[in-house]
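# Structure assessment
Next come the chains, spelled out residue by residue.
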Amino acid sequence: MKYRTIGTDPAHRREVSVLALGAMLFGSQTDEKTSFAVLDRYVEAGGNFIDTSDNYAFWTDGGQGGQSEELLGRWRRSRGIGDEVVIATKLGARPLAPGTGYTDNPEGLSAKVIREAADRSRERLGVEKLDLLYAHIDDFTVEQRETVEGFGALVAEGTVGLLGVSNQAVWRVERARALAAAAGLPGYEVLQYQHSHLRPRFDLPSEFSRYGSVGHAGAELLGYLRAEPDLTLVAYSPLLAGAYVRADKPLPPDYDHPGTPARLAVLRDVAGETGATVNQVVLAWQIGAELPIVPLAGASSVAQLEENLAAVDLELTEEQRVRLDSAH
């Protein structure tokens, strides 16, 4: 396994594996025995960066979520896992009532919610301190200053280490970070956005914005990452839920544009040259990128995890990287 540092404060920064494990469906669609087996193998391989959320996976049973955090708590206790494994979780997008969702009835990012949701997550996970806590989605009903101060209070109390943000417009991220800096409070240091080798159309309305996607890592966010070297991008859904390799998993509609065939072709060419799978090429392309990117990939079986783990040691040549980067 290889590692990189997230965060800047010596009191809170962590060395995490360059491949993060997504636990979204653990305890719901992925049963406990399989989930435990995947987690055990990931840690055995040196992995130490696991991602969840307080709302995972509410859509599987019409509830409010919590299954993933609860399973991770049971796994930690049964295996004697301590703070050597970094568990990141999120708040803000938990439905306030069963049968609702994060677009129509989210918990939001008020100071009260931040404190109460973080406490619930710590209890489910069985930890005294959340290593990394994200604002899962934006909340325009609350002043950003209140959100910034709410997160900062938890860091000051020692119940949260690093702060992150997901699915927010870049200008909102920068405004929150500026407010935090002006107040002498910790700001977001980890950005979690959807990012893969294929590029979606960014102009299509999304569930978070009618003006286009704010949940994908586009040119603006990648440029922001380059300009702010203290930030790290955690790239969720890097393998597009299996769409690169499975005929029964078509690409989402926002990838239906003229640039997609060219990027798919170069992926397949590089996979043939290296003897790796297309999925492994995508992960290796991110892991070895010039920008600090940690791919976040889920696995519903140990076999899937093994394929992903092999990408850590896949070394792409500079010429292959240029081809992958420039295809359009």
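Residues numbered from 1 in each chain as written. Predicted model: local features only at pLDDT ≥ 70, side-chain atom pairs only at ≥ 80, totals over all residues. Heavy atoms only, no water.

In this model, the largest pocket occupies a volume close to 1500 Å³. Along the walls of the largest pocket sit 50 residues, with Met-24, Tyr-236, Ser-237, Leu-240 and Ala-241 positioned nearest its centre. Broken down by secondary-structure element, the contributors of at least two residues to the lining of the largest pocket are β8 (190-194), β10 (293-298) and α9 (302-310). Here the lining of the largest pocket is built from residues that sort into 22 nonpolar, 20 polar and eight charged. Lining of the second largest pocket is provided by 27 residues; of these, His-195, Leu-222, Trp-285, Leu-291 and Asp-325 occupy positions nearest its centre. (1 Å grid on protein atoms, 1.4 Å probe; cavity = no way out; pocket = protein on both sides within 12 Å on 5 of 7 lines; lining within 4 Å. Points joined across faces, edges and corners; volume = space filled by probe spheres on them. Helix = DSSP H or I, 4+ residues; strand = E, 2+ residues; numbered from the N terminus. Nonpolar A, V, L, I, M, F, W, Y, C, P; charged D, E, K, R; others polar.)

What follows covers the packing of aromatic side chains. In this description, a pair of aromatic rings is defined by centroid distance and the angle of the planes. If you walk through the whole model with that rule in mind, you get five aromatic pairs. Judged by centre distance (5.2 Å) and plane angle (85°), the rings of Phe-58 and Trp-59 are edge-to-face. Taking relative accessible area as the criterion, Phe-58 reaches 9% and is therefore assigned buried. Trp-59 gets classed as partly exposed once you look at its relative accessible area, which sits at 39%. (Phe/Tyr/Trp six-rings, centres within 6.5 Å; stacked < 30°, edge-to-face > 60°. Buried < 20%, exposed > 50% of the residue type's maximum accessible area, 1.4 Å probe, protein only.)

The sheet built from eight strands closes into a barrel, its strands ordered β3-β4-β5-β6-β7-β8-β9-β10 with parallel pairing. Averaged over neighbouring strand pairs, the angle between their axes works out to 30° when direction is ignored. Pairing between strand β9 (residues 232-236) and β10: four bridges, direction parallel. Paired with Leu-233 across the bridge in β10 is Ile-293. Along the sheet face, helix α3 (residues 111-125) touches β5 (86-91) and β6 (130-135) and points at about 140° away from the line of β5. (Pairing = 2+ DSSP bridges. Axes fitted to C-alpha atoms, helices over the stretch in contact; angles between N-to-C directions. Contact = heavy atoms within 4.5 Å.)

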